[in-house]
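Structural characterization, general
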Amino acid sequence: MTLRLGYGTNGLTDLRLDDALGLLADLGYDGVGLTLDHMHLDPLAPDLAARTRHVARRLGTLGLGVTVETGARYVLDPRRKHGPSLLDPDPDARAARTALLVRAVDIAAELGAHAVHCFSGIAPAGDRAADATTAWHRLTDALTPVLDAATRAGVPLAVEPEPGHLLATLADFHHLRALLGDPAALGLTLDVGHCQCLEPASPAACVKDAAPWLRHVQIEDMRRGVHEHLPFGDGEIDFPPVLEALAATGYDGLTVVELPRHSHAGPELAGASIAFLRAADRTTRSEVTTPC
C-alpha cells in the first residue's frame, strides 16, 4: 500500500495558504495537515464559511487531501500558548476550547477532511483542584460535545498523545477510550517522533499496536527523551520499518510531516522531506520484494 504523504501548514507559516498548498502539490504531496490559525484559515475571523469554501475549491483543484489540525499556539489566547485548554479550571475557558474544536469539525466536514486532530493540553500550573481524577473528568466532559459533532459530521476526532500533556502516551489514549465508553468517533493521532521520544516500544511497534485506532499520522525525526521535532536524518528513528508497519496496517489517511518550528526553511524542508520519505519507502519495498 502506497503511503499518502502530507505536510503540515504549521511548518509553512511564512507562506500564504494558497501559496503553501500550491507548493505542496508541485512537490508531489498527496495532502496537507491544515492547522487552523490566524495566518491559515483563521477559525475566528469573519466570513469563515466563504473562506472555507475557497480552501475547499483550492484543495480540489490541486488534488490534495486534508486533515484539520488544531494545535495553533495562540489562536484563542494571544498570551498563553495553547490556552485555554480542555483542562482549564475555568469552565467557560474550557467551553471556548470545546467550541473551537466543534468549529474545526464543521470546517473539516466542509473541506472533506479525513479527520480532526486535537490534544488534551497540560493541566494548568497552580490548579490545586486538578488531581488526576478531576483532570480526566474535565477532559471527557469537554470532549463529549466534540465527539457528538464528529459523529453527526462523519469525521473522526483523532486525539494525539503529546509529551508533557495529561494524555501523553498510547496507554493514556486507551484510558480515555475506556472513560468515554469507546465511542466510534474517537480515534488516534499517532506522532511517530513522540513514540521515539517517550514510548517504551519502538516507533514501528507503536504503529502496529495503534493500528485499529489510527485516524491520523504525523511524522518527523526525534531523539529519545527529547521532545524536539527534527528534520529527517537529524534524529534517531529508523524509518523503513516504520513505513513498512504503516503500510501493513491498511491505514489510508495522510501521513503528515510535522516540523512546526522550521517555517523559516519550510519550502526547502518540504522538498527534502518528501524525497527522504519516498526513498525510505522504496527501500522498504525493495527489502520486502527481494528474494532471500
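Residues numbered from 1 in each chain as written. Predicted model: local features only at pLDDT ≥ 70, side-chain atom pairs only at ≥ 80, totals over all residues. Heavy atoms only, no water.

With that settled, consider the nonpolar core. Counting 78 residues, the largest nonpolar core has Tyr 7, Leu 41, Leu 111, Leu 139 and Leu 157 as the members making the most contacts within it. Top contributing element to this core by residue count: helix α4 (residues 132-153), with 9 residues. (Core = buried A, V, L, I, M, F, W, Y, C linked by side-chain atoms within 4.5 Å. Buried < 20%, exposed > 50% of the residue type's maximum accessible area, 1.4 Å probe, protein only. Helix = DSSP H or I, 4+ residues; strand = E, 2+ residues; numbered from the N terminus.)

Counting buried residues along strand β6 (residues 186-191), 6 of its 6 residues qualify, which places the element largely inside the surrounding structure. Taken together, strand β5 (residues 157-159), helix α5 (residues 170-180) and β6 form a β-α-β motif whose crossover is right-handed. Bridge analysis of β6 against strand β7 (residues 214-219) gives 4 bridges, and the strand direction is parallel. By the bridge assignment for β7, Asp 191 is matched with Gln 218. (Right-handed = clockwise from strand over helix to strand, strands pointing away. Pairing = 2+ DSSP bridges.)

With that settled, the discussion passes to the pairing of strand β10 (residues 254-257). A regular strand places its side chains on the two faces of the sheet in alternate fashion. Neither face of β10 is exposed, since Leu 254 and Val 256 on one face and Thr 255 and Val 257 on the opposite face are all buried. Two elements, strand β1 (residues 4-8) and β10, share 4 bridges in a ladder whose sense is parallel. Residue pairing in the sheet places Arg 4 in a bridge with Leu 254 of β10. In this sheet, β10 lies alongside β7 in parallel orientation, the contact comprising 3 bridges. Its bridge partner being in β10, Val 217 is matched across the sheet by Thr 255.

Along the chain, Asp 221 turns up in strand β8 (residues 221-223). A polar atom in the side chain of Asp 221 sits 3.0 Å from the backbone nitrogen of Gly 235. Those residues within four positions of Asp 221 in sequence are excluded, and the remaining contacts are Glu 228, His 229, Leu 230, Pro 231, Phe 232, Gly 233, Asp 234, Gly 235, Glu 236, Ile 237 and Phe 239. (Polar contact = N/O pair within 3.5 Å; in protein donor to acceptor, adjacent residues only side chain to side chain. Contact = heavy atoms within 4.5 Å.)

Bringing the side chain of Ser 85 into the picture now. Mapping Ser 85 onto the fold places it in the loop between β3 (65-69) and α3 (91-111). A polar contact is formed between the side chain of Ser 85 and the backbone nitrogen of Leu 87, at a distance of 3.0 Å. Not counting residues up to four positions away in its chain, the partners in contact with Ser 85 are Arg 94, Arg 97, Ser 120, Gly 121 and Ile 122.

Another point: the packing of aromatic side chains. Ring pairs (aromatic) are described by centroid distance and by the angle formed between their planes. Scanning all chains against the criterion turns up 4 aromatic pairs. Where Tyr 7 meets Tyr 29, the ring centres are 5.8 Å apart and the plane angle is 65 degrees; that geometry is what we call edge-to-face. Of the two residues, Tyr 7 sits in strand β1 while Tyr 29 sits in the loop between α1 (17-27) and β2 (31-35), which places them 22 residues apart along the sequence. When sorted by exposure, Tyr 7 lands in the same class as Tyr 29, which is buried. Seen from their ring centres, Phe 232 and Phe 239 are 5.1 Å apart, and the 85 degrees between their planes marks the pair as edge-to-face. Like Phe 239, Phe 232 is buried. Aromatic ring contacts, followed pair by pair, group Phe 232, Phe 239 and Phe 276 into a single cluster. (Phe/Tyr/Trp six-rings, centres within 6.5 Å; stacked < 30°, edge-to-face > 60°.)

At their nearest, the axes of α4 and α5 sit 10 Å apart, and the two run at 70 degrees to each other. Relative to α5, the element α4 lies roughly perpendicular. Of the two possible hands of crossing, α4 and α5 adopt the one that is right-handed. Touching Trp 136, Leu 139, Thr 140, Leu 143, Thr 144 and Leu 147 of α4 are Asp 172, His 175, Leu 176, Leu 179 and Leu 180, all from α5. Of the residues that constitute the contact of α4 with α5, the class distribution is 7 nonpolar, 3 polar and 1 charged. (Axes fitted to C-alpha atoms, helices over the stretch in contact; angles between N-to-C directions. Parallel < 35°, antiparallel > 145°, perpendicular 65-115°, else oblique. Left-handed = near helix turned anticlockwise from the far one by under 90°. Nonpolar A, V, L, I, M, F, W, Y, C, P; charged D, E, K, R; others polar.)

What follows concerns the environment of Glu 258. Examined against the element boundaries, Glu 258 turns out to sit in the loop between β10 and α9 (266-289). Here the alpha-carbon distance between Glu 258 and Asp 221, two residues 37 residues apart in the chain, equals 9.2 Å. Those residues within four positions of Glu 258 in sequence are excluded, and the remaining contacts are Asn 10, Glu 69, Asp 191, Gln 218, Ile 219, Glu 220 and His 229.

What follows concerns unusual backbone geometry. The residue after Gly 83, namely Pro 84, is reached through a cis peptide bond having omega -15 degrees. Mapped onto the elements of the fold, Pro 84 is located in the loop between β3 and α3. We note that Leu 41 has phi near 50 degrees; this positive angle belongs to a residue other than glycine. On the basis of relative accessibility, which here comes to 7%, the residue Leu 41 falls in the buried class. Even without glycine at this site, Asp 182 takes up a positive phi of about 55 degrees. With respect to the helices, strands and loops of the structure, Asp 182 is situated in the loop between α5 and β6.

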